[in-house]
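In case you want the letters, here they are:
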Amino acid sequence: VPKIVILGPPASGKTTIAMWLAKHLKTSLLTMDSLLAMDHSELAEGARRHYERKRSVPSMLLVRLVQERLLQDDCISRGWILDGIPETREQAMMVQTLGITPRHVIALSAPDTVLIERNLGKRIDPQTGEIYHTTFDWPPEPEVQNRLVVPEGISERETVQRLLRHHRNIVRVLPSYPGVLKVISADQPCVDVFYQALTYVQTNRRSNAPFTPRVLLCGPVGSGKSLQAGLLAQKYGLVNLCCGQLLKEAVADNSRQGKAIQPFFEKEMT
Ligand SMILES: Nc1ncnc2c1ncn2[C@@H]1O[C@H](COP(=O)(O)OP(=O)(O)O)[C@@H](O)[C@H]1O
């Protein structure tokens, strides 16, 4: 299942691309807003209270909220796309510590001047959450046009401040994702960005998470279980646990379990 993180400066199109990918891949989209809006979650309630007071959520609370959301059925069965999180090195480390390992990380990038101007035209449909733009993506339906709202925090001053913060942080976040990171220019039409992102997430990348194979060999007596187990163990450096051998060792050690096993050995019932 997809496990995707999308990072990038404000107005680079993170949410737009994340929404399109989520629709296309039929996977769950996790944004800061959707995390804060989670029902029946004490963590989300705490995060909402924080956000209302300070316009931000403490890193630990945010990351635990992500963890809680990722444990829900839809994320487990259909995968997830995380939009704009982690934002700082601290959050990246916490995410890693909790074992949240994306298979693909996309970092969007574009010149600041483009982003400042682009952000001024951003509009949101309050009914569907869809994102539009006064120049680049204007809805054809008059009723949608009429209900679009200007989002908070898009003024030139606010975008510059967020850009500065982003540049300070991102250089320390990206090294957390060696091998799974793809930088895509966001200074091109949205459709082009989307198809590059889609092509990338459809490549079968290897996760950095340690993979420990667990193989169970079954078969009748004489079918070659022990031989195959030995060969597999040798080829892939696995630990070969032979049940018969373990039982014999326990009996030979005369351990408590060994004594319990002994009568079965004597009756050849192993
Ligand atoms: N590649 C693009 N070219 C032109 N406009 C874009 C592009 N990507 C996004 N937009 C527009 O820029 C604005 C910000 O996009 P958004 O997805 O909210 O960015 P972010 O989530 O990175 O802040 C929106 O109005 C969106 O329609």
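Residues numbered from 1 in each chain as written. Predicted model: local features only at pLDDT ≥ 70, side-chain atom pairs only at ≥ 80, totals over all residues. Heavy atoms only, no water.

- Per an unreviewed UniProt entry, the protein carries the name Adenylate kinase 8 and comes from Myotis lucifugus.
- Taken from UniProt, the Subcellular location (unreviewed entry) comment for the protein reads in full: "Cytoplasm, Cytosol".
- Of the protein, the UniProt comment under Sequence similarities (unreviewed entry) reads exactly: "Belongs to the adenylate kinase family." (UniProt positions renumbered as here; feature names shortened; annotations may be inferred.)

## So, helix H4 (residues 59-70)
- The first and last C-alpha atoms of H4 sit 16 Å apart over 12 residues, in line with the 16 Å expected at 1.5 Å per residue.
- Among the residues of H4, Ser59, Leu61, Leu62, Val63, Leu65, Val66, Arg69 and Leu70 are the ones counted as buried.
- On its buried side, H4 packs onto strand E2 (28-30), helix H2 (32-36), helix H3 (42-54), helix H5 (73-78), strand E3 (80-83) and helix H6 (89-97). (Helix = DSSP H or I, 4+ residues; strand = E, 2+ residues; numbered from the N terminus. Expected span 1.5 Å × (residues − 1). Buried < 20%, exposed > 50% of the residue type's maximum accessible area, 1.4 Å probe, protein only. Contact = heavy atoms within 4.5 Å.)

## Overview of unusual backbone geometry
- The residue after Ile85, namely Pro86, is reached through a cis peptide bond having omega 10°.
- Note that Pro86 resides in the loop between E3 and H6.
- A positive phi angle, near 50°, is found at His40, a position not held by glycine.
- Within the fold, His40 resides in the loop between H2 and H3.
- Look at Asn254: it is not a glycine, yet its phi comes out positive at around 60°.
- For Asn254, the position within the fold is in the loop between helix H12 (243-253) and helix H13 (256-266).

## Quick word on the packing of aromatic side chains
- The final tally for this structure, using the stated rule, is two aromatic pairs.
- Plain terms: the ring middles of Trp20 and Phe194 are 5.6 Å apart, the flat faces sit at 75° to each other, and that makes the pair edge-to-face. Here Phe194 lies in helix H10 (residues 190-201) and Trp20 lies in helix H1 (residues 14-25), a separation of 174 residues in the sequence.
- For Trp20, a relative accessible area of 28% puts it in the partly exposed group.
- Ring centres of Phe194 and Tyr195 lie 5.1 Å apart, and the angle between their planes is 65°; this geometry places the pair in the edge-to-face category.
- Taken together, the ring pairs connect Trp20, Phe194 and Tyr195 into an aromatic cluster. (Phe/Tyr/Trp six-rings, centres within 6.5 Å; stacked < 30°, edge-to-face > 60°.)

## Description of the site of the ligand
- In the region of the ligand, 18 residues are neighbours, and Thr15, Thr16, Lys122, Tyr132 and Gln188 sit closest.
- Cys190 is positioned such that a nitrogen or oxygen atom in its backbone is 3.4 Å from a nitrogen atom of the ligand.
- When the free accessible area of the ligand is taken as 560 Å², the share hidden by the protein chains comes to 95%.
- Elements represented by at least two residues in the shell around the ligand include exactly H1 and strand E6 (131-133).
- Looking at side-chain class alone, the shell around the ligand contains nine nonpolar, six polar and three charged residues. (Near = heavy atom within 4 Å. Polar contact = N/O pair within 3.5 Å; in protein donor to acceptor, adjacent residues only side chain to side chain. Areas by Shrake-Rupley, 256 points an atom, 1.4 Å probe, with all protein chains shown as cover. Nonpolar A, V, L, I, M, F, W, Y, C, P; charged D, E, K, R; others polar.)

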